[in-house]
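So you can see what is in the structure, the chains are spelled out below.
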Amino acid sequence: MLNYDAVIVGASTAGSYFARRMAEQGFSVAVIDASPEEKIGSKYDIFHVCKRDFEKFSLPLPSKED
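Source: prediction; values computed, not measured.

Definitions and limits used
Residues numbered from 1 in each chain as written. Predicted model: local features only at pLDDT ≥ 70, side-chain atom pairs only at ≥ 80, totals over all residues. Heavy atoms only, no water. Helix = DSSP H or I, 4+ residues; strand = E, 2+ residues; numbered from the N terminus. Buried < 20%, exposed > 50% of the residue type's maximum accessible area, 1.4 Å probe, protein only. Contact = heavy atoms within 4.5 Å.

Peer 1: Explain the overall build of the protein here, please?
Peer 2: Helices and strands together make up the secondary structure of the protein, namely two helices and two strands. Listing every helix and strand of the protein by position from the N terminus yields β-α-β-α. Taken across its 66 residues, the protein has 20% of its residues classed as buried. Considering only contacts within the protein whose residues lie at least 6 apart along the sequence, 38% involve residues at least 24 apart.

What follows is the structure in structure tokens.
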């Protein structure tokens, strides 16, 4: 049996973002989603964040690769 620091259920926008942020901080994270892995990227939602909110909520600024 594998052990994880966090298990995220749902790999759309919020779940994927949260899992990435946790992993970047060194946590071991498992993401569980009903869709097969190759279909996960197709269900990302687009959302808008005001520029001032990136700093307010400590969000990383988007780059050209994002």
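Peer 1: Mind showing me how you'd approach the environment of Lys51 here?
Peer 2: Inspection of the secondary structure assignment puts Lys51 in helix α2 (residues 51–56). Since its relative accessible area comes to 72%, Lys51 is described here as exposed. For the pair formed by Lys51 and Leu61, sequence separation is ten residues and the distance between their alpha carbons is 8.6 Å.

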